[in-house]
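Working through the structure, step by step
Below are the chains, spelled out letter by letter.
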Amino acid sequence: MSGPFAHRKAINRRPVGVCVSFQLVQPATPDEAVGLLAKAPAGEISVLGGGTDLLFDIDQGRASPRQVLSLRKLPWRYARWEGATLVVGSTLPLRALEMDRRVQQQLPGLWEAIRDVGSPALRSRATLGGNVGRCAPASDLLPMLIALDARVRILGPSGVREHPIDLVLQESRKTSLGPAELIESIIFPSAAPSCYVWQRVQPVNDISQVGVATAFLPDAPHWRIALGGLQPRARRLSEAEAVLRSARPTHLEQELAAQEAARRAEFVTDRRATESYRRRLVAVMVRRALQTTVERMPGPRGPRKAAR
Amino acid sequence: MRSDAEPKARGAVEYGADLEAPGMLWAALVRSPVAHGRIVHLDLAPARKMPGVVAAVGPDDLRTLLPKAALEAERPVFPLQEIRYLGEPVAAVAAQTLAQARRAAAAVKLDVETLRVDARIEDIFPEWPSAASAHDPHVVGHVHARYGDVDGKFRTADLVHSETYRTSGVHQVAIEAHACLAEIRDGTFCIRSSTQTPFGMREDVASVLGIPESKLLVEGSWVGGGFGGKGSAFLEPYALLLAIASGRPVKLALSYAEEFELGRTTLPAIIRLDTAVSRGRMVGRRVRLLLDTGASLPGRDFAVGYSIGFLLGPYRTEAYEIEGYALQTNKPPFGPHRAPFAPQSVFALESHIDGLARRLGTDPIEFRRLHAWRENDRTAYDQPVGPFGLEAGLEAAARTAAVWRTGLPAGHGIGVACGFWSTGVGAGGEARLFLQPDGLVILEGEREIGNGSVVQGLAIVAQRVLGLPASAIRVQYGDTATAPFDSGVYGSRTLAALGQAVEKAARNLEKSLASRVGVPEVRLELKNGQVVVVAGRRRQKLVDLLTPAERAAGGLESHGKHYGAEKKVDASRVLEGTVYPYNDFAASVHLAEVEVDRETGHIGVVRYAAFQDVGTAVDRTSVVSQVEGGIVMGLGTALSEEMMWTPEGRLANPGLLDYRLPRIRDAPPIHVDLIEGFAGAGPFGAKGIGEPPIIPVPAAIANAVADATGTRVFELPLTPERVARALKLL
Amino acid sequence: MTDAPLTLNINGQDRRLGAVPDAERLLDTLRWRAGLKGTKEGCRTGDCGACTVLVGGEPTLSCLLLSREVTDEPITTIEGVATVPIGRAVIKAFAEAGAVQCGYCTPGFVVALAAQLGRSTTRPDVETLIDGLEGNLCRCTGYRAIERAVELARKAVP
Ligand SMILES: Cc1cc2nc3c(=O)[nH]c(=O)nc-3n(C[C@H](O)[C@H](O)[C@H](O)COP(=O)(O)OP(=O)(O)OC[C@H]3O[C@@H](n4cnc5c(N)ncnc54)[C@H](O)[C@@H]3O)c2cc1C
Ligand code: FES
Ligand code: FES
């Protein structure tokens, strides 16, 4: 059983699981938090929101910070409406947004996407800030954030800046945040008929093979189509959006947009799905998501249908 | 209501994971990072220097800590040289805390020479093995059996139906991972463990460590799910070795990642089936099976011999040839998993038969009925078939299917599949009952593992014989030193086999009491908390019938034994290897209605029905819940569960993130129809029910998909992508 | 590492738990320091729900939570749930429905269900209650008996 492949190899395994240790710091104010981050040597400190991603990564040996900075005491657990604009503090548990009827009615796609994150007990800790911070390619929320033109308010040593979500996301575990910056809040500029659909091997707690978010925004150009389950991250498909010219695109237009989306997206093959299957799924799911979004439009064609 | 339900729901019972002892150390395993290699150098010194570490043991320590026999064991506790799968434990450490133990395990220096990895059976035998292949070093088991004029049947057949099926590795995934605690008390080696088989464990640990059984004591804790995975020695030898080395109690519990990587579960297989048909009937079959048995010991393989018969099914077979190979690969060893390999075999066979029926234009249920075993038919190995509810099940299924057919929406399909199982009634067991003035105690060596067969089933058997109310019967658990011997909770045998021992012990009690009263038979009642012996109109308190010695001992003891004789097969049909006789015959017929998304390949299970031949339902609630549980577990095998190994032998999905189990919303409405009247070998005619309900599930789903789409999927699990490929969507 | 003494409010009592490392999970603190082993350890990756406890009344996965993150929130474990009327009703419903087999998943289910029944001013319907159990895995029962337990419990809780 030996033979040509044999060679020698010394191995050291990294300790994982319950054996990790780190120091936890729990600053009481945003400024204190930013100050602590600025002081810490690069790569030695991690930010803890709800921890559902970070602690998992630490257990798997993918992150090994010496310090963990908790956002628990910061005053960012809020969701408030300013007219049609929704501002969500970065540390608000997703469960709170899910329970908010107004979110369900005015941003049905966001509500659907939130309900698709893990399980209720996970959502009682998991946050929007953490989802953005993790920037997972398979995230269920990021496509929807992109489709809704969400903006991210970032707090750092030199104050606050605000950027479109698209400029914040980079790749898995990487955003454009500086080492001493924190996501303070996420802003959804307007209510919008929207829809999120995904395909997984299983409906709950699974990783989406593909996620499709569609939205119809009040200002032109109205249509948004964004995809998740792509490498390196979720993204908008403007070419496919361009096919849609009216508030009520025909079935043919919807189909063409879906096909354009499938053509344009760059997929990868991994153990969850092959590249060609993902392409196939997108063609189907974009069409379905658009159709649902159209059904959710206010207007003479019947009352708006809330999500589920 | 089960007596263990409420304490469990309150979180008040102690499972293996909860075990604790004063002064206890925590253990961690040092596991191989390669799937195949030779140990060049293993250095435990760095681990021994780590904070909190009390003991570290590796292959070299076997010599000093254990009798010589331990090194001569066919496979010693730690590999002395060759590493056979990724994650194989090569050493173990014990420290004050789990964190310290894990850190120390990571500090161990292991230098290995890597060897070529054989991770996939199709790479070992890209073509079907020939006669010469039997000598291939990968072949660790070979079974070959033949009966009748197979070649003739195929030559003269109207039609030959040939297909190849593939199945995947699936894991038991008990929610509680393996855990045990070992310590030395007064010179006795004591193991507490979450195990289905305390006595089997004692035998196994003794032989692996080379210590006499008399010095070993095993006590079962409550078991957080077994499904075959918590059988014989697994973690216990490591924990005991560390306890010997440290002189302290040692707890060893696996993480989920370890649970997956150490396996002992169902592994992939390739199954080729050819069926000869003449005048609309199946007249001959060829079966060829390649079964991955991972790093299993040569010659120890029961899997091929046991499963290959299931590829002929519960159907009359005029002529057949079956040949199966167990192949060694660099994966963890194959292990028993709820009806080992039967759901996979039956997926292949019942898909095959279903496709054949459709090809012939015959109704699939009718086609099966045409061939179904009836009582006194002969099995493939020439055993007489016992009372068997298959035909009755098929008839009931046909009625339900007809109802479902009316108004079946487009895109939906209905599938049927049959299974049969032979309960392990042969395996022996003994029972000890103790009748006290205020109630009956059943003393047991093994814990209830969940299905209710111990805590509920045995109590009901005693109750039916003696007549006491359930509240007056208590199951008490002992260890291997105090409790009567039993083979364990596995193979659907507990109620059917051990139940017979309890039944005998209860009858002995009754006889003894009857003779004291001077009548042919008595019954027991409970009156004001006192056991009363009733004979016709005469009633006497139990206490008044006891001798002074019995009164001093606290009650009347009685024993019962059941050592079933193994049935025999016709050895002339077996050309090579071992096949196993069937000891009892339980039939299952399942119906599934699915909805297939024709654009994405996604399968939704709309509803499900199971017609289960139970002999006699000793406890209806337990049986129904057991059937439902088996079905939903089977839906996992059918739709989503798949262990994925890379060519380097690394398990790519060692956790629930990518190994998908059914959740509450995946469970369809399930109609359970218990078929009674075909008596089994168990008490009151009961048949084992632990394993049968999972068996036909993958096949029923696959057949429903074929019904909905006209397309067959030849590989498990039926993930959306596989279905989409079969539908030629990509 | 601070390893300062940690006090948590568990089941209505302030429990002093000694020098708990910063990285320790609530699951481990509860089981091995507070001696509350009714909270079960399953996957430790957030997938099984066996470790579910209530934090501030909300079902939460104790395996993905640092003990030091919950110092100002009341924690209720199955041992606490089992002492209140709603908890007792849920436990009874599980037992009566035959929804307890190996029982390892059961405390997690009971906690998740009792929280929902206890929280709402309006009684959630059975379907909503079942949705609330999506994060809990059971490998034995096939869930149907658990659904029957949900129905029983909903009827039993006024
Ligand atoms: C069992 C399980 C199932 C899951 N299922 C899904 C799913 O279906 N869909 C899905 O999209 N996700 C899923 N997730 C991932 C995860 O729960 C979500 O991404 C969640 O939104 C992360 O939020 P958190 O607060 O827990 O993040 P944390 O773990 O706290 O943080 C994640 C990352 O973001 C950083 N971060 C957190 N907050 C901030 C901030 N305010 N400013 C700057 N950086 C910050 C952290 O440093 C870290 O790098 C699942 C996770 C688990 C364990
Ligand atoms: S142990 Fe926490 S979810 Fe499994
Ligand atoms: S009863 Fe065993 S896992 Fe649910």
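The structure contained in this document is the topic of the report that follows. Here the structure is a predicted model, which means the values were calculated and not measured. (Residues numbered from 1 in each chain as written. Chains lettered and ligands numbered in written order. Predicted model: local features only at pLDDT ≥ 70, side-chain atom pairs only at ≥ 80, totals over all residues. Heavy atoms only, no water.)

Let's shift gears to the pattern of salt bridges. Scanning all chains against the criterion turns up 90 salt bridges over all chains. Salt-bridge contacts for E98 of chain A lead to R95 of chain A; the nearest nitrogen and oxygen are separated by 3.0 Å. In this pair, E98 of chain A and R95 of chain A both sit in helix α3 (residues 94-98), three residues apart, roughly one turn of the helix. A cluster of three or more residues bridged by salt bridges with shared partners is formed by E350, D354, R358, R368, R405, D707 and R712 of chain B. (Salt bridge = Lys/Arg side-chain N within 4 Å of Asp/Glu carboxyl O. Helix = DSSP H or I, 4+ residues; strand = E, 2+ residues; numbered from the N terminus.)

Put simply, an interface is often sized by how much accessible area is lost when its parts join up. At the junction of the two partners, chain C supplies 44 residues and chain B supplies 52 residues. Between chain C and chain B, a total of about 3800 Å² is buried, with carbon and sulfur atoms accounting for 58% of that surface. Applying the counting criterion to the chain C and chain B interface returns seven salt bridges. The salt bridge partner of K40 of chain C is D18 of chain B, with a shortest N-O separation of 2.7 Å. Linking chain C with chain B are 25 residue pairs in polar contact (both at pLDDT 80 or more), by the criterion used here. Of all the elements in the fold, those that place two or more residues in the side of chain C that touches chain B are α1 (26-33), α2 (78-81), α3 (85-96), α4 (106-119), α5 (126-131) and α6 (144-156) of chain C. With five residues, α6 of chain C is the largest single contributor of residues to the side of chain C that touches chain B. Partitioning the side of chain C that touches chain B into residue classes produces 20 nonpolar, 10 polar and 14 charged. (Contact = heavy atoms within 4.5 Å. Buried area = accessible area lost by both parts, 1.4 Å probe. Polar contact = N/O pair within 3.5 Å; in protein donor to acceptor, adjacent residues only side chain to side chain. Nonpolar A, V, L, I, M, F, W, Y, C, P; charged D, E, K, R; others polar.)

Turning our eyes to something else, we now look at the sheet that holds strand β13 (residues 210-216) of chain A. Residues and elements named next belong to chain A. With respect to topology, four strands assemble into an open sheet ordered β12-β13-β14-β15, the strand pairing being antiparallel. A strand with exactly one partner marks an edge of an open sheet, and here the two such strands are β12 (194-199) and β15 (235-236). Summarising the sheet, β12 and β13 pair through six bridges and their orientation is antiparallel. Counted as the bridge partner of C195 is T214 from β13. The sheet strands contacting helix α12 (residues 275-295) are β12, β13 and β14 (223-228), and the helix crosses β13 at an angle near 30°. (Pairing = 2+ DSSP bridges. Axes fitted to C-alpha atoms, helices over the stretch in contact; angles between N-to-C directions.)

Right, let's talk about the site of ligand 1 for a bit. By nearness alone, 33 residues border ligand 1, and V47, T52, D53, L54 and T127 of chain A come closest of all. The site occupied by ligand 1 is bordered by residues of chains A and C. The backbone of L54 of chain A places a nitrogen or oxygen atom 2.6 Å from an oxygen atom of ligand 1. The separation between an oxygen atom of ligand 1 and a polar main-chain atom of G130 of chain A is 3.3 Å. Within the complex, 90% of the 980 Å² of free accessible area of ligand 1 lies under protein. Broken down by secondary-structure element, the contributors of at least two residues to the shell around ligand 1 are β3 (45-48), α7 (128-134) and β11 (182-188) of chain A. Here the shell around ligand 1 gets five residues from one element, more than from any other, and that element is α7 of chain A. (Near = heavy atom within 4 Å. Areas by Shrake-Rupley, 256 points an atom, 1.4 Å probe, with all protein chains shown as cover.)

So yeah, pure geometry; function would need other evidence.
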